[in-house]
Amino acid sequence: MAFECQGNIEISILKTSGEFVDNSCKEKVEADQFKLNHNQQVSTIECGTETKNSHKLRPEQVYNPLKGVITSYSSEPLSFDDVGSNCSRSITDLPPALISEILNCLDPKELGIVSCVSPFLHGIASDHHGWKEFYCERWGIPVVSGEKSWKELFVEREFRSRTFMGRYSMDNLYGHTEAVRTVFLLSSAKLIFTSGYDSVVRMWHMEEGLSISSSHPLGCTIRAVAADTKLLVAGSTDGFIHCWRAAQDLPYLFDLRGSQNQNTQSRVWEHQGPITSLALDLTRIYSSSWDMTVRIWDRNSLKCLRLLRHGDWVYGLAPRDSTIATTSGSRLYLWDTNTGNLLAVVHNAHLGNAYSLARSRTGNFLFTGGEDGAVHMFEVSADHGESNIMKVASWIPHTGPVYSLAFEFPWLVSASSDGKLSLINVRKLLKTSSRKLRSQIVSNTQISNVEPPQRMLHGFGCNLFSVDIGADRIICGGEEGVVRVWNFSQALEIEKKARAMRGIRLENRMRRRKLQIEMNSKGGRTNQCSVSAVKENPNGAWRNKRGVSIKLKV
């Protein structure tokens, strides 16, 4: 191998001699010359210089036998002579600001590996601001961060996301007199909102599973509910949107009955058909209807800002930033909310109507469920200013129409008329890149081998109309009029206890086996039985306890 430095400076490493060698041309060193002992010496020279006294490695320098270079880990600035002597530098010699920019190009797994290399990189990688971006890209801004670092929050939430494959406990919430058409989980406030054919909006406590409050009958079926910590909206089949604003003096945010303050409720009428879907962001309200329109409202003045017209009934919507995705008939649309322009459209996304729609927090991935029982995954990309929608993967987990979808990284949950819930892990289908807020799809060869749903939840009646997912819970409502909550919060503890019990049983089994082996080795009962048997049967013939048969006597 030949080593060259700037200015034709070369490094020569000898196995037996520690002297400097004059190399005016390229010097090849055999691989076995890199096997150096601690007492051996390394020397470097400049081209055309004379031999100098050799010296040993300094404490702040470490010799790398694989690369044949001396790496300095000193934090003090090096002089020109030191730079000349160390032709190859380590990443730890770079300024921390430059190292931080390099770490911006890594994903969470790679950044975690870098933090385990050395104490110096551990300090930089653990406090890197990329952990905040990773967390917000996947799960949004946390409600209470406390004293934990962003890395600790990310690792904890990532670990909790794996609990959906563990054991769970299920609670049934009774209160609705007819079918439940919509459910919404507000994890930040630990509240659940449900409504349906009985025209009553109910609020439940997520942890205790108790009914907190319920509204007066609104006069018609409620097909959609959306909420945040400041506003609650419900969409009806009569075309109006009923709004509740949060009250500061209430422990559970909303006064659904309006008994204390009538000013917290309002209602807007614009749609000419049943409202099918609702969504909120910081400044706007989004609503879709069977009148083939999507309306964008100002959440303060409740005035309609923009109208998006479609060619068929609109079933679902999913806004992110300045775009909104909608499903109308069998088509999938992508709109610009600022201008109202159509950016992209996918024709015949499903065989039949596309009933449900979900979207990732970054907005780069769309999930649709349709009348054909299939679930599709699409990627949204922008090339030369034009938006494109490309299908990434497909699943057919249900035998009936998919009425609802919910996504919480990395789990996609679907509810169908066949009475089943499917859990699909899409982690392997996308690789998030930090800083660029852009997701990269794996190669087409891997996409063709899409894994089936990792889990199916079933065992109840048909026609599940709505589903939602949080950090450790899944909520579903259907035709039975019962709201079901799957609680996975204790899955880790249950799994730890189960592993501990399996370990105890295995230890006891090994202890019994060891004792049995010791008894056999000492000539225990087995040898005694064999000796007595030999004494009773010296000829080796075994007697039948029943005696000789009648035929043999004759």
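Everything below is about the structure printed above this text.
Every value quoted in this text rests on a predicted model; they were computed, and no experiment measured them.

Reading the values: the criteria
Residues numbered from 1 in each chain as written. Predicted model: local features only at pLDDT ≥ 70, side-chain atom pairs only at ≥ 80, totals over all residues. Heavy atoms only, no water. Helix = DSSP H or I, 4+ residues; strand = E, 2+ residues; numbered from the N terminus. Contact = heavy atoms within 4.5 Å. Pairing = 2+ DSSP bridges. Axes fitted to C-alpha atoms, helices over the stretch in contact; angles between N-to-C directions. Patch = residues over 30% accessible without salt bridge, like charges linked within 9 Å, V, L, I, M, F, W, Y side chains within 5 Å. Areas by Shrake-Rupley, 256 points an atom, 1.4 Å probe, with all protein chains shown as cover. Salt bridge = Lys/Arg side-chain N within 4 Å of Asp/Glu carboxyl O. Buried < 20%, exposed > 50% of the residue type's maximum accessible area, 1.4 Å probe, protein only. Core = buried A, V, L, I, M, F, W, Y, C linked by side-chain atoms within 4.5 Å. Left-handed = near helix turned anticlockwise from the far one by under 90°. Nonpolar A, V, L, I, M, F, W, Y, C, P; charged D, E, K, R; others polar. Parallel < 35°, antiparallel > 145°, perpendicular 65-115°, else oblique.

## Some points on the side chain of Thr264
Topologically, Thr264 is positioned in the loop between strand 12 (240–245) and strand 13 (265–269). The residues contacting Thr264, other than those within four sequence positions of it, are Cys243, Trp244, Arg245 and Asp255.

## So, the sheet that holds strand 7 (residues 191–196)
Strand order across the open sheet formed by four strands is 6-7-8-9, with antiparallel pairing between neighbours. Strand pairing shows two members of the sheet lacking a second neighbour, strand 6 (180–186) and strand 9 (211–214), which therefore form its edges. For this sheet the average axis-to-axis angle between neighbouring strands, irrespective of direction, equals 20°. Two strands pair when backbone bridges link them, and strand 7 and strand 8 (residues 202–205) are joined in this way by four bridges, in the antiparallel orientation. Following the sheet pairing, Leu191 is matched in strand 8 by His205.

## Let's talk about the sheet that holds strand 11 (residues 231–236)
Strand order in the open sheet formed by four strands is 10-11-12-13, with antiparallel pairing between adjacent strands. Strands at the two margins of the open sheet, each flanked by one partner only, are strand 10 (222–227) and strand 13. Taken pair by pair, the neighbouring strands of this sheet meet at an average axis angle of 20°, ignoring direction. Strand direction decides the pairing type here: strand 11 and strand 12, joined by five bridges, are antiparallel. When the sheet's bridge partners are listed, Gly235 is paired in strand 12 with Ile241.

## Points about a nonpolar patch on the surface
Nonpolar side chains collect at one region of the surface, where Ile91, Leu94, Leu98 and Ile102 lie side by side and expose about 290 Å² of accessible area between them. The residue Ile102 is located in helix 2 (residues 96–103) in this model.

## Considerations on the pairing of strand 7
For strand 7, the tally of buried residues reaches six of six residues, placing the bulk of the element in the interior. Side chains Leu191, Phe193 and Ser195 project from strand 7 onto one buried face, and the interleaved Ile192, Thr194 and Gly196 project onto a second face that is buried too. The sheet contact formed by strand 6 and strand 7 spans six bridges and is antiparallel. Within the sheet, the bridge partner assigned to Phe184 lies in strand 7 and is Phe193. Connecting strand 6 to the next strand, strand 7, in antiparallel fashion are four residues, including Lys190 with a positive phi near 55°. Connecting strand 7 to the antiparallel partner strand 8 that follows it, the hairpin turn spans five residues, and Ser199 within it adopts a positive phi of roughly 65°.

## Some words on unusual backbone geometry
Backbone phi values are negative for most residues with the exception of glycine, while trans is the configuration of most peptide bonds. In this structure, the amide linkage connecting Phe409 to the following residue, Pro410, adopts the cis form with an omega of 0°. Mapped onto the secondary structure, Pro410 falls in the loop between strand 26 (402–408) and strand 27 (411–416). The backbone of Asn348 sits at a positive phi, close to 50°, despite the residue not being glycine. With respect to the secondary-structure elements, Asn348 resides in the loop between strand 21 (342–346) and strand 22 (354–359).

## Comments concerning the nonpolar core
Core analysis: the biggest nonpolar cluster contains 31 residues, and Leu103, Phe367, Met377, Trp395 and Val426 have the highest contact counts within it. Sorting elements by how many residues they give to this core places helix 5 (residues 130–139) first, with four residues. If we skip the residues at most four places from it in the chain, Phe367 touches Ser356, Leu357, Ala358, Arg359, Ser360, His376, Met377, Leu405, Phe407, Leu412 and Val426. Ranked by size, the runner-up nonpolar core spans 17 residues in total, among them Leu191, Leu218, Ala234 and Phe254.

## Structural notes on the packing of helix 5 against helix 6 (residues 150–160)
Running from N to C, helix 5 and helix 6 cross one another at 35°; their axes reach a closest spacing of 8 Å. In this structure, helix 5 meets helix 6 at a crossing whose hand is left-handed. Across from Trp131, Lys132, Phe134, Tyr135, Arg138 and Trp139 in helix 5, the residues of helix 6 making contact are Trp150, Lys151, Leu153, Phe154, Arg157 and Glu158. Here the contact of helix 5 with helix 6 is composed, by residue class, of seven nonpolar, no polar and five charged.

## Examining the packing of helix 2 against helix 4 (residues 119–126)
Remark: helix 2 packs on helix 4, axes separated minimally by 10 Å, with the N-to-C direction vectors making an angle of 65°. With respect to helix 4, the element helix 2 is oriented roughly perpendicular. Where helix 2 crosses over helix 4, the two elements pack in a sense that is right-handed. Here helix 2 contributes Pro96, Ile99 and Leu103 to the contact with helix 4, which in turn contributes Phe120, Leu121, Ile124 and Ala125. Its residues placed into classes, the contact of helix 2 with helix 4 shows seven nonpolar, no polar and no charged.

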